[in-house]
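Okay, here's what each chain looks like letter by letter:
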Amino acid sequence: MNFELSEEHKMFQSMIRDFVANEIEPCASKWDETNEFPYDMVKKMAEVGLYSVGFPEQYGGTGDELTFTIAAEEVSRGSGGLGISYLVTLGLAMNPITMHGSDEQKSRYIPRVIDGATVAFALTEAMAGSDVANLDMRYARDGDEFILNGTKIFITSGAEAEFVTTFATRDRSLGHKGFSAFVVDKGTPGFSVGKLEDKMGIHPTSAAELVFDNCRIPADNLIGEEGKGFRIALEAIDASRVTIAAQAVGIAQAAYDAAVAYAKERRQFGVEIARHQGIQFMIADMAVELDAARLLTYRAAWLTEQQGRPPLKEAAMAKLYASEAAHRICHKAVQIFGGYGYTREFPVERFYRDQRITEIYEGTSEMQRWTIARQITGTR
Ligand SMILES: Cc1cc2nc3c(=O)[nH]c(=O)nc-3n(C[C@H](O)[C@H](O)[C@H](O)COP(=O)(O)OP(=O)(O)OC[C@H]3O[C@@H](n4cnc5c(N)ncnc54)[C@H](O)[C@@H]3O)c2cc1C
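As a starting point, this report considers the structure included with it.

What counts, and at which threshold
- Residue indices begin from 1 for each chain and proceed along its sequence in written order.
- Confidence filtering applies because this is a predicted model: local features only for residues at pLDDT of at least 70, side-chain atom pairs given and counted only at 80 or more, and all residues used for totals across whole chains, interfaces and linings.
- Side-chain numbers come from the whole structure's heavy atoms, not from hydrogens or water.
- What makes two strands pair is DSSP finding at least two bridges between them.
- Numbered from the N terminus, helices here are DSSP runs of H or I no shorter than four residues, and strands are runs of E no shorter than two.
- Here a salt bridge means any side-chain nitrogen of Lys or Arg lying within 4 Å of a carboxyl oxygen belonging to Asp or Glu.
- Only protein chains enter the area calculation, which uses a 1.4 Å probe; residues under 20% of their type maximum are buried, those over 50% are exposed, and those in between are partly exposed.
- Here the aromatic set is Phe, Tyr and Trp, taking the six-membered ring for Trp, and pairing holds for ring centres within 6.5 Å; pairs whose planes are under 30 degrees apart are stacked, those over 60 apart are edge-to-face, and all others are tilted.
- We call a charge positioned above a ring when the Lys NZ or Arg CZ atom is no farther than 6 Å from the ring centre and deviates by at most 35 degrees from the ring normal.
- Between N-to-C directions, angles span 0 to 180 degrees; the directions come from axes that are lines fitted to C-alpha atoms, helices contributing only their stretch in contact.
- Crossings are sorted by hand: turned counterclockwise from the far helix by less than a right angle, the near helix makes the crossing left-handed, and turned clockwise it makes it right-handed.
- Any two residues having at least one pair of non-hydrogen atoms within 4.5 Å are treated as being in contact.
- Polar here means any residue outside two lists: the nonpolar Ala, Val, Leu, Ile, Met, Phe, Trp, Tyr, Cys and Pro, and the charged Asp, Glu, Lys and Arg; Gly therefore counts as polar.
- Residue proximity to a molecule or strand is established when one non-hydrogen atom of the residue lies within 4 Å of it.
- Polar contact criterion, stated in full: a pair of N or O atoms within 3.5 Å, where within protein one must be able to donate a hydrogen and the other to accept it, and residues adjacent in sequence count only if both atoms are side-chain atoms.
- All accessible areas in this document rest on Shrake-Rupley with a 1.4 Å probe, and a residue is counted as covered only by the protein chains that are shown.
- Each domain span listed reflects an automatic or database assignment of domains.

**Structural notes on the pairing of strand 7 (residues 207–218)**
Next up, step 1: Pairing analysis gives 9 bridges linking strand 3 (residues 145–156) to strand 7, with the strands arranged antiparallel. Each residue of the ladder has a partner; that of E145, found in strand 7, is P218.

Written out as structure tokens, the structure is:
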């Protein structure tokens, strides 16, 4: 058993840490305040190769699942908001194409992402949240086109995305067997961005309503086989779960670093607060939880490499634990900062807000517990 990263992974980690510390971290509070999506930063990240991570080599990709996990953690450590746009683009949103797309679709879309295009994954609807099988967006075939009609909500990067992967049903009476997956380019007539959510955190990235109103797309924008959309959606989510765990670890690491540094500087009762046992115990608990969260996360990434597919139970365990541990760690970080932790002068309140969503999207904590229990008990 070896708990060390390989030399190659260490070099990548060191490169991306420097990039994040120099380029992303200094801007993160500003993006949080202004809600501005940092298009220029995405271009810079693409220039240093960060948007090629995890794609197959034949389409210009580099690195493996662990490289992507490291990248997701480190970018999120700098900015949880940019982090989610980054990891959804490379993972969740592109998974349908990378895993099930035709060669032509891969050649058409992967190079655009490597150049810095943002992508969205549009599944959720008003009545299809945790219960994704309940979706209502319709599609119909008309000659060599498909026509899409329906509304998606809460779509990460929906306003910034150059294209989206999305899901619709041919006939609700077919249940999930009626689902198909599609890719839709921005600017397609009948496809528009609706309401933008006013969110608690991860500000620079939008959560948008996407409206498809008699939106016609070429038949070759169908991803995989017709009728396989439900499986394509679930596989995309299964494969991306570990990167949300990595996002939680990244935000928790940022909160932990800030809290330890502050505890060593801030003096009360004539000594640094780090000397008070109450603070020491919080720091010890944060360190243990952070380590456990990272180990579960990296194990799930490693298992994905070993098995050639995501490990359902271990990935759900990583996402569940890392997101809830990040909650506790960010809570303690605010506590260690005292009153200052509750102000916008310090970044820990942002970490606290950014972390919260990791317990909700890509399957709530309750859905992760359900997945874990079903794997253990063999129940459906
Ligand atoms: C900021 C943000 C970004 C998002 N990005 C995307 C995106 O890019 N693409 C996309 O498709 N979606 C996205 N979502 C949607 C997200 O995945 C859903 O919000 C999430 O899956 C939960 O669905 P819901 O909000 O409808 O909650 P509901 O499903 O209504 O759940 C409400 C509560 O009930 C619980 N619950 C539901 N069913 C059960 C059950 N059977 N047993 C026990 N408890 C249950 C849930 O755990 C939760 O606590 C995003 C959401 C947000 C807020």
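Right, picking up where we left off after that structure.
**Here's the deal with the pattern of salt bridges**
Next up, step 1: Across all of its chains, the model carries 27 salt bridges by this definition.
Next up, step 2: Notably, a salt bridge pairs D142 with R216, separated by 3.0 Å at the nearest N-O pair. Placement of the pair is D142 in strand 2 (residues 138–142) and R216 in strand 7, with a sequence separation of 74 residues.
Next up, step 3: Relative accessible area serves as the criterion here: at 37%, D142 is assigned to the partly exposed category.
Next up, step 4: Since its relative accessible area comes to 38%, R216 is described here as partly exposed.
Next up, step 5: Here R353 makes a salt bridge to E349, at a shortest N to O gap of 2.8 Å. Here R353 pairs with E349, and both are found in helix 10 (residues 348–356), just 4 residues apart, close to one helical turn. The same class applies to R353 as to E349, namely buried.
Next up, step 6: A network of salt bridges, in which partner residues are shared, links R17, E74, R77 and D257.

**Remarks on the packing of aromatic side chains**
To describe a pair of aromatic rings, you give the distance between the ring centres and the angle between the ring planes.
Next up, step 1: Applying the stated rule across the entire model yields 13 aromatic pairs.
Next up, step 2: With a centroid separation of 5.9 Å and an interplanar angle of 70°, the aromatic rings of Y262 and F346 are classed as edge-to-face. Taken as a pair, Y262 in helix 7 (residues 229–265) and F346 in the loop between helix 9 (312–337) and helix 10 lie far apart in primary sequence, 84 residues in all.
Next up, step 3: Where F337 meets F346, the ring centres are 5.2 Å apart and the plane angle is 55°; that geometry is what we call tilted.
Next up, step 4: Residue classification places F337 among the buried residues on the basis of a relative accessible area of 4%.
Next up, step 5: Looking at F346, the relative accessible area reads 23%, which means it is partly exposed.
Next up, step 6: Three or more aromatic residues link up through ring pairs in this structure, and these residues are Y262, F337, Y340 and F346.
Next up, step 7: Above the plane of the ring of W370 lies R374, whose end atom (NZ or CZ) is 4.4 Å from the centre.

**Points about the packing of helix 9 against helix 11 (residues 365–377)**
Next up, step 1: Interhelical geometry of helix 9 versus helix 11 gives an angle of 145° and a closest axis separation of 9 Å. In this structure, the crossing between helix 9 and helix 11 has a hand that is left-handed. For the pair formed by helix 9 and helix 11, the contact residues are L312, K313, A316, M317, K319, L320, S323 and E324 on the first element and S365, Q368, R369, T371, I372, Q375 and I376 on the second.
Next up, step 2: Residues that form the contact of helix 9 with helix 11 fall into these classes: 6 nonpolar, 5 polar and 4 charged.

**Observations regarding the site of the ligand**
Next up, step 1: As a structural note, the neighbourhood of the ligand is formed by 16 residues, with T124, S130, T156, T364 and E366 the closest of them.
Next up, step 2: Within the contact set of the ligand, an oxygen atom lies 2.7 Å away from a side-chain nitrogen or oxygen of T364.
Next up, step 3: Calculation on the ligand without its partners gives an accessible area of 980 Å², and the protein chains cover 63% of this total.
Next up, step 4: Secondary structure elements with two or more residues in the shell around the ligand: strand 3 and helix 11.
Next up, step 5: Take the shell around the ligand: its biggest share by element is 3 residues, from strand 3.
Next up, step 6: A class-by-class count of the residues in the shell around the ligand yields 8 nonpolar, 5 polar and 3 charged.
Next up, step 7: The residue makeup of the shell around the ligand includes at least three contributed by each of domain 2 (119–227) and domain 3 (231–377).

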